[in-house]
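Per-entry structural report
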Amino acid sequence: MMRKVRGGLVWLVLLAAAGYAAVYGLLPVWARRQAPRAYPQTQGTLWVRGLDATVDIWRDPWGVAHIYAQTTHDLFFAQGYVHAQERFWQMDVRRHFARGALSEMFGPAFVRDDRFFRSLGWERVVQQEWAQLTPEEQDVLRAYAAGVNAYIEGRDPRALGVGYALLGLVHPHYRPEPWTPQDSLLWLKLMAWFMGSNLAQEIERALLLRGLTPEQVAELYPPYPSDLPVIVPEFPIGRPVVPLPPPPDALPTDAAEALTTTALALLDLTRRYGPLFPGGGSNAWVVSGQHTASGAPLLAADPHLVYEIPSVWYQVTLHCRPVGPNCPYQMAGFSFPGLPGIVMGHNGTVAWAYSNLIPDVMDLVIEAVDPHDPKRYRTPTGWAAFTTWQETLTVAGGPDVTFTVRWTRNGPVISDWARTFQDQGWPWARKSFRDRVGIPIPEAYAISLRWTALKPTTALRAVLGFTRAQNWDEFRAAARWFDTPAQNIVYADVHGTIAYQMPGRIPVRRNNDGRLPAQGWTREQEWVGYIPWEHLPYRVNPPEGYIVTANHRATPFDYPYYVAWDWAYGFRAQRIEQALQARLRDHPLTVADMIALQLDATSTKWPILRPYLLALQPSNAHVARAQALLRAWDGRMDADDPAALLFAATWKHVLYLTFDEIPWEEEPRLRIHGGNRWQEVLRRVLPKPDDPWWDRVDTAPRETRDEILALALDQAMLELERAWGPDTSQWAWGRAHTLTLREPSLGRMTALGLDRVFALGPYPMPGDTAAIHAQVWDTAGTYEVLGGPTMRMVLDLSQWDRSVSAQSTGQSGHPGHPHYADLAQLWARSAYYPMLWSDAAIQRVAREHLRLVPRRGAIADPQK
């Protein structure tokens, strides 16, 4: 009998394995065959309801759509139509993300994440924003939404994207809802989340203080150095500088446990959804015509975000024909699918681009709950009642989930969401740790999130205003409305002006400090307002003739307001400025110079470690071989360079050997990401050979700097020999440092083989987290590229058609489409393509022409 049972089990296992193999092998094949059903029509004529007049859409060889319309309504209607043709699956997934409704599409596995994002109340906020928009702004959003809906209306979901065909296998009743103007406003909220702030650093500082002294934590988060660049070095406003306060007193035990548990849940969330990947940032700079071969400004930009396919960007040009009161817009650049207009680019007169300011606009707030009445929490003036409401999640393949959202005067109580981990435990931690950190969260305290994006914002007004501006004064007037997410903006115009503006809603804290979680029952870290517009720094036509932004400190050292502590430390900015100065000594600058600078793969880490590594007395043959390989190296992280791979491994081992006081092996497993902050930390520690950081905590003898550096070289050699063999000529940075582009939902379903449909790569990549060519990797993981410049553009204001651009993925979001992978292949070769503007240049190369003709009958108002 037992033999029969065992035989039956064997057959069940074999049948299950065979079934899995069939699914793994056949599902990707089926998906590829389904994909062409969603390829949009891009030639010929389509009759479309809701248009005022005929619209022409030309597509060039790179898949860029050039849209010509006679009215403002038709221009943005057509943009919505084109976005839906190419990217509706992406748009739909993103809006579900912002709504906290991914479980509606993908099932119960996303309920926990949805609870967090639903608790932010963004849908309530965008309703308030909608009511505050001008009639013109509302009309633009309505027109865009009408265009999206004109495309999706009446279509089988499988004709909108192969993702819907796959979704239909497990969720056959799912139908995408019509697009609304509020969905576009949600996009801006989502970008505020992705661009983030110092949330991860605030969490890590708070957690580190549980095991390290305040002095040690301060050394791991040093102040911005005075010998590195500042974007606006002088900006007097006649206010005294307020010194940073001393570290706060220790929290009550229950408060510390509540903060720890919530912080760990947030760390898990941010590792999967942002805000920023480790070491993230952007480059954007502008050069005056006094330094260019043409005599007109050059503007370059490459915003750094997480890599995915399709890209967050969709390149487009929008032309009113003719330009006049009924249609005042023309623009070329990069848009977000889901949002009308362009985010950065030019309008034929002015050009603009961003890099992330990384302002401190988020605070965790510890709230004391009334022990006698859990419906109240303590404020500086007494007890106040929580604001509460019910939310219900519709879950595919499961029952609806209803839960209560609580808000304080500061924001949503996210510790209520963190409590949802207690039933199944932390996904990354051992049970002993779950017991130790205090699950369930003590009821005596709650943790809320205070954030500028939880209030109505006006960024859309700025985005539309930039596209109409004809000079710096008009552009700056529009920038006043660019409140969230706060960015560095670089500017140039055909009149010869170059400029910089720091806009944004930056909170003013009573104690001028936001580095650590606030205590909600005191006034010390209360927000008492925002930095006045007149006090936000800007520069116009600086004497040096260029402006560089690379996420480094924007404000002078005597600036009286606290903007951020966690700026990028300026090494990338310094490299850009030095490279510009070197080229200017040789010749006036051209577009080719800007391209070469964007592709500069020199690591700014190398000069920091080089003298110490090469001065070591070799302790063994490994160390001697490593030194020999590095001695001839120029610091360029080229994909075919073995020394670049050795240096990356050495950098990783130096950090983990030196800073082993950080609990990266024990819970809570805080990660050493190896970004630019660690450059500054090491730069301060390296000159001190007997600094306590060099001494390892798990060994008896006291180590010194040279012993740790030698050990790091030795361990790096051992690691690479195990992975790539002992012959160093076979090593190459690009063998380990690869880029795989994945669709963020289906592309990560490797168990079903869907990564073979929704992913591209791996591509060997040059660059480094610390290079201008910033291909970011994480020393806490592998050498795989996590993020980087998801697009590049160089704008030539002497002749717009000489401008060039590049994207990390193709314009199409449909797997297998000719424009799905074409630009990714160019990207992997560091190649650019023309960024066309004039009618003549577009007509000369256009491959496809689609004409949209008005069809009688009204289309439903998406607002109703």
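Here the structure is a predicted model, which is why all the values come from computation and not from measurement.

A few words now on the overall build of the protein. Helices and strands together make up the secondary structure of the protein, namely 25 helices and 29 strands. In terms of overall size, the protein behaves like a compact globule, its C-alpha atoms giving a radius of gyration of 27 Å where 864 residues would be expected to give roughly 29 Å. C-alpha extents for the protein along the principal axes are approximately 85 × 85 × 70 Å. Buried residues in the protein amount to 64% of all 864 residues. Across the protein, the fraction of contacts at a sequence separation of at least 24, relative to all contacts at a separation of at least 6, is 74%.

Three- or four-residue spacings in an α-helix give side chains the same orientation, since the helix completes a turn every 3.6 residues. Taking 1.5 Å of rise per residue, 17 residues should cover 24 Å, and helix α20 (residues 642–658) covers 24 Å from first to last C-alpha, within 8% of that figure. In terms of burial, α20 is a largely internal element, 17 of the 17 residues being buried.

Okay, the sheet that holds strand β15 (residues 445–451) next. The 3 strands lie next to each other as β15-β10-β19, forming an open sheet whose pairing is mixed. If you trace the sheet from one side to the other, it starts and ends with β15 and β19 (518–519), each paired once. Judged from the 2 bridges that link them, strand β10 (residues 362–368) and β19 form a sheet pairing that is parallel. Its bridge partner being in β19, Val365 is matched across the sheet by Ala518. Packed on one face of the sheet, helix α11 (residues 253–273) meets β10 and β15 and runs near 50 degrees to β15.

In this structure, Trp193 and Trp451 are the most contacted members of the largest nonpolar core, which totals 235 residues. Per-element tally for this core: the top contributor is helix α2 (residues 72–99), with 13 residues. Trp451 has contacts with Leu120, Trp122, Lys189, Ala192, Trp193, Val361, Met362 and Trp527, leaving out every residue within four places of it along the chain. Core analysis: the next-biggest nonpolar cluster, separate from the first, contains 34 residues, Ile576, Leu589, Ile595 and Met765 among them.

So, about the packing of α20 against helix α22 (residues 705–724). Contact pair α20 / α22: the axes reach a minimum separation of 8 Å and the direction vectors enclose 130 degrees. The angle between α20 and α22 places the two elements in the oblique class. Crossing handedness for the pair α20 and α22: right-handed. Counted together, Leu645, Leu646, Ala649, Thr650, Lys652, His653, Val654, Leu657 and Thr658 of α20 and Ile708, Leu709, Leu711, Ala712, Leu713, Gln715, Ala716, Met717, Glu719, Leu720 and Trp724 of α22 form the full contact between these two elements. Of the residues in the contact of α20 with α22, the class split is 14 nonpolar, 4 polar and 2 charged.

This part takes up the environment of Cys327. Following the sequence through the fold, Cys327 ends up in the loop between β6 (314–320) and β7 (330–335). For Cys327, a relative accessible area of 1% gives the class buried. It is 8.2 Å that separates the C-alpha atoms of Cys327 and His73, two residues lying 254 residues apart in sequence. For Cys327, the residues in contact, after removing those within four places along its chain, are Ala69, Gln70, Thr71, Thr72, Cys320 and Pro322.

Tracing the backbone through its elements, the reader meets Asn551 in the loop between β22 (546–549) and α16 (571–586). Through-space distance from the C-alpha of Asn551 to that of Leu357 is 5.5 Å; in sequence the pair is 194 residues apart. Apart from the residues lying within four places of it in its own chain, the contact partners of Asn551 are Gly281, Ser282, Ser355, Asn356, Ile358, Asn488, Trp567, Ala568 and Arg572. At a separation of 2.6 Å, a polar atom in the side chain of Asn551 contacts the main-chain amide nitrogen of Ser282. A distance of 2.9 Å separates a polar atom in the side chain of Asn551 from the backbone oxygen of Asn356.

Okay, empty space enclosed by the protein next. Tallying each qualifying case throughout the model produces 10 cavities of 30 Å³ or more. When its volume is computed, the largest cavity comes out at roughly 220 Å³. If you go around the largest cavity, you meet 20 residues; those closest to its centre are Met195, Phe336, Val343, Tyr354 and Gln487. At the level of elements, α8 (181–195), β5 (298–306), β9 (350–356) and α14 (459–468) are the ones that each hand at least two residues to the lining of the largest cavity. In the lining of the largest cavity, the residues fall into 15 nonpolar, 5 polar and no charged.

This part takes up the confidence of the model for the protein. In this model, the protein carries a mean pLDDT of 91, and residues with pLDDT of at least 70 account for 92%. Under a pLDDT of 50 for its full length, residues 1–18 has, in the predicted model, 0 contacts with residues more than four places off or in other chains. Below a pLDDT of 50 lies the segment residues 423–439, which in the model reaches 37 contacts outside its immediate sequence neighbourhood of four places, other chains included.

Taken as a whole and judged by the stated rule, the model has 1 disulfide. Bridging Cys320 to Cys327, the disulfide has an S-S length of 1.9 Å. Negative torsions about the S-S bond denote left-handed disulfides, and the value of about -70 degrees found for Cys320 with Cys327 makes this one left-handed. By relative accessible area, Cys320 is classed as buried at 0%.

Reading the values: the criteria
- Residues numbered from 1 in each chain as written.
- Predicted model: local features only at pLDDT ≥ 70, side-chain atom pairs only at ≥ 80, totals over all residues.
- Heavy atoms only, no water.
- Helix = DSSP H or I, 4+ residues; strand = E, 2+ residues; numbered from the N terminus.
- Rg over C-alpha atoms; globule rule 2.2 N^0.38 Å.
- Buried < 20%, exposed > 50% of the residue type's maximum accessible area, 1.4 Å probe, protein only.
- Contact = heavy atoms within 4.5 Å.
- Expected span 1.5 Å × (residues − 1).
- Pairing = 2+ DSSP bridges.
- Axes fitted to C-alpha atoms, helices over the stretch in contact; angles between N-to-C directions.
- Core = buried A, V, L, I, M, F, W, Y, C linked by side-chain atoms within 4.5 Å.
- Parallel < 35°, antiparallel > 145°, perpendicular 65-115°, else oblique.
- Left-handed = near helix turned anticlockwise from the far one by under 90°.
- Nonpolar A, V, L, I, M, F, W, Y, C, P; charged D, E, K, R; others polar.
- Polar contact = N/O pair within 3.5 Å; in protein donor to acceptor, adjacent residues only side chain to side chain.
- 1 Å grid on protein atoms, 1.4 Å probe; cavity = no way out; pocket = protein on both sides within 12 Å on 5 of 7 lines; lining within 4 Å.
- Points joined across faces, edges and corners; volume = space filled by probe spheres on them.
- pLDDT = per-residue confidence, 0-100.
- Disulfide = S-S within 2.5 Å.

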